[in-house]
Amino acid sequence: MSEDAARRVRRLVLPPDLSERDLRAVELMDDPDCDPRRLARTYARFRMVNALVAGWRATYRRHLRPHFHAHGPTTLLDLGSGGGDLARALARWAHRDGFDLRVTGIDPDPRAFAWARNQPPVAGVQFRRASSEELVADGSRFDLVTSNHLLHHLSPQQRDDVLTDSEQLARLAAVHSDIQRSRLGYALFSVASLPLAPGSFIREDGLTSIRRSYTAAELRRIAPRRWAVEALGPWRLLLVHDAR
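Residues numbered from 1 in each chain as written. Predicted model: local features only at pLDDT ≥ 70, side-chain atom pairs only at ≥ 80, totals over all residues. Heavy atoms only, no water.

Focus on the packing of aromatic side chains
So, point 1. Under the counting rule described, the total for this entry stands at 5 aromatic pairs.
So, point 2. Between Phe68 and Phe99, the ring centres sit 5.3 Å apart and the planes meet at 70°, which makes this aromatic pair edge-to-face. Of this pair, Phe68 sits in the loop between helix H3 (56-64) and strand E1 (74-79) while Phe99 is found in the loop between helix H4 (85-96) and strand E2 (101-106), placing the two residues 31 residues apart along the sequence.
So, point 3. We classify Phe99 as partly exposed; its relative accessible area is 24%. (Phe/Tyr/Trp six-rings, centres within 6.5 Å; stacked < 30°, edge-to-face > 60°. Helix = DSSP H or I, 4+ residues; strand = E, 2+ residues; numbered from the N terminus. Buried < 20%, exposed > 50% of the residue type's maximum accessible area, 1.4 Å probe, protein only.)

Here it is in structure tokens:
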């Protein structure tokens, strides 16, 4: 193995330093000219990845379900909905719990929107190609606002804009879930994602996401007033806004 190849292997297994966010790292699937077949496989495998690492079932029970209306529908907006797996999961869980949850997933990426819209429908779920800024401009409001693995993609200005939009869009609460950057999380994901990696961007982009993500201390420093940061173990973060 050449020295260059050895360095690439070492970087993919355990980077020498994760003390700061790597804002120069760009996920392969964000390239508009990326391989569409690998992108489709990535979207298809997000459901399994999120079920294994994102912890949304507990977040749903603790931060979303207590806000559901006992009588009548509850509305929820999922920002940057990607392949739509979270939007569909939330609607299914709510239905099983006896609630009427109406979920709108939005993503400005036409590829993500097309993928999500073309999947088997789930009652109460719809998808739109739109941004949070557009929904604020047209006066839309929702009871709840969520996102999954969105914050680390954004520039500081984009992040602040999304959080401001979330406050304006959410009547009750907003919950943004993301990765917490850590060497342990990087090492574990590097190994655990191997079975899901072939033919997709799951492993490479997942490791890039970890390098771009925040620590709890970093997120607390930049969180606006009235937003709380929760660390869920060593590799998950929640940024929560209670509008009440």
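Points about a negative patch on the surface
So, point 1. On the surface, Glu133, Glu134, Asp138 and Asp161 cluster together into a patch of negative charge.
So, point 2. Tracing the sequence through the fold places Asp161 in helix H7 (residues 156-169).
So, point 3. Residue class for Asp161 comes out partly exposed when judged on its relative accessible area of 37%. (Patch = residues over 30% accessible without salt bridge, like charges linked within 9 Å, V, L, I, M, F, W, Y side chains within 5 Å. Areas by Shrake-Rupley, 256 points an atom, 1.4 Å probe, with all protein chains shown as cover. Salt bridge = Lys/Arg side-chain N within 4 Å of Asp/Glu carboxyl O. Lys, Arg positive; Asp, Glu negative; His and termini not counted. Charge placed at Lys NZ, Arg CZ, Asp CG, Glu CD.)

Remarks on the environment of Arg111
So, point 1. Looking at the secondary structure, you find Arg111 in helix H5 (residues 110-117).
So, point 2. Residues Arg111 and Gly83, 28 residues apart in the sequence, show an inter-C-alpha distance of 8.9 Å.
So, point 3. A polar contact of 2.9 Å, which involves the side chain of Arg111, links it to the backbone oxygen of Met29. (Polar contact = N/O pair within 3.5 Å; in protein donor to acceptor, adjacent residues only side chain to side chain.)

Things to note about the sheet that holds strand E6 (residues 227-232)
So, point 1. Sheet architecture is open: 7 strands sit in the order E3-E2-E1-E4-E5-E7-E6, paired in mixed fashion. Looking along the sheet, the strands with just one partner apiece sit at the ends: strand E3 (125-128) and E6. Strand-to-strand twist in this sheet, taken as the mean axis angle between neighbours without regard to direction, amounts to 20°.
So, point 2. Bridge count for E2 against E3 is 4 bridges, and the pairing is parallel. (Pairing = 2+ DSSP bridges. Axes fitted to C-alpha atoms, helices over the stretch in contact; angles between N-to-C directions.)

Considering H5
So, point 1. All buried positions along H5 are accounted for by Ala112, Phe113 and Ala116. Taken around the axis of H5, the buried residues stretch over an arc of 100°, which confines them to a single face.
So, point 2. Elements in contact with the buried residues of H5: helix H2 (36-53), H4 and E3. (Arc of directions from axis to C-beta. Contact = heavy atoms within 4.5 Å.)

Observations concerning H4
One full turn of an α-helix is made of 3.6 residues, so residues set three or four places apart face in the same direction.
So, point 1. Under the 1.5 Å per step criterion, the end-to-end length of H4 is 17 Å for 12 residues, consistent within 8% with the ideal 16 Å.
So, point 2. Taken across its 12 residues, H4 has 9 buried, putting it largely inside the fold.
So, point 3. For H4, the set of buried residues is Asp85, Leu86, Ala87, Arg88, Ala89, Leu90, Ala91, Trp93 and Ala94.
So, point 4. Just past H4, the residue Gly98 takes up positive phi, approximately 90°. (Expected span 1.5 Å × (residues − 1).)

What about the pairing of E2?
So, point 1. Of all 6 residues that make up E2, 5 are buried, and the element is covered over most of its length.
So, point 2. One ladder, built from 6 bridges, connects E1 with E2; its direction is parallel. Note on E2: the bridge partner recorded for Leu79 is Ile106.
So, point 3. Handedness of the crossover joining E1 and E2 through H4: right-handed.
So, point 4. For the crossover from E2 across H5 to E3, the handedness is right-handed. (Right-handed = clockwise from strand over helix to strand, strands pointing away.)

So, the side chain of Gln180
So, point 1. Looking at where Gln180 falls in the secondary structure, it is placed in the loop between strand E5 (170-179) and helix H8 (183-192).
So, point 2. Given the relative accessible area of 12%, Gln180 is considered buried.
So, point 3. Those residues in contact with Gln180 that lie beyond four places of it in its chain are Tyr214, Thr215, Ala216, Ala231, Gly233, Pro234, Trp235, Arg236 and Leu237.

Concerning unusual backbone geometry
So, point 1. Phi is positive for His149, which is not a glycine, with a value near 60°.
So, point 2. Within the secondary structure layout, His149 lies in the loop between strand E4 (142-148) and H7.

A few points about the pattern of salt bridges
So, point 1. Under the counting rule described, the total for this entry stands at 13 salt bridges.
So, point 2. When the shortest N-O distance is used, the salt bridge between Asp22 and Arg211 registers 2.8 Å. On the criterion of sequence distance, the pair formed by Asp22 in the loop between helix H1 (3-13) and H2 and Arg211 in helix H9 (residues 202-212) is long-range, its members being 189 residues apart. By the burial criterion, Asp22 is buried, and Arg211 matches it.
So, point 3. We note a salt bridge from Glu230 to Arg62, for which the minimum N-O separation is 3.6 Å. In this pair, Glu230 sits in strand E6 while Arg62 sits in helix H3, placing the two residues 168 residues apart along the sequence.

Taken by themselves, the reported measurements are silent on function.
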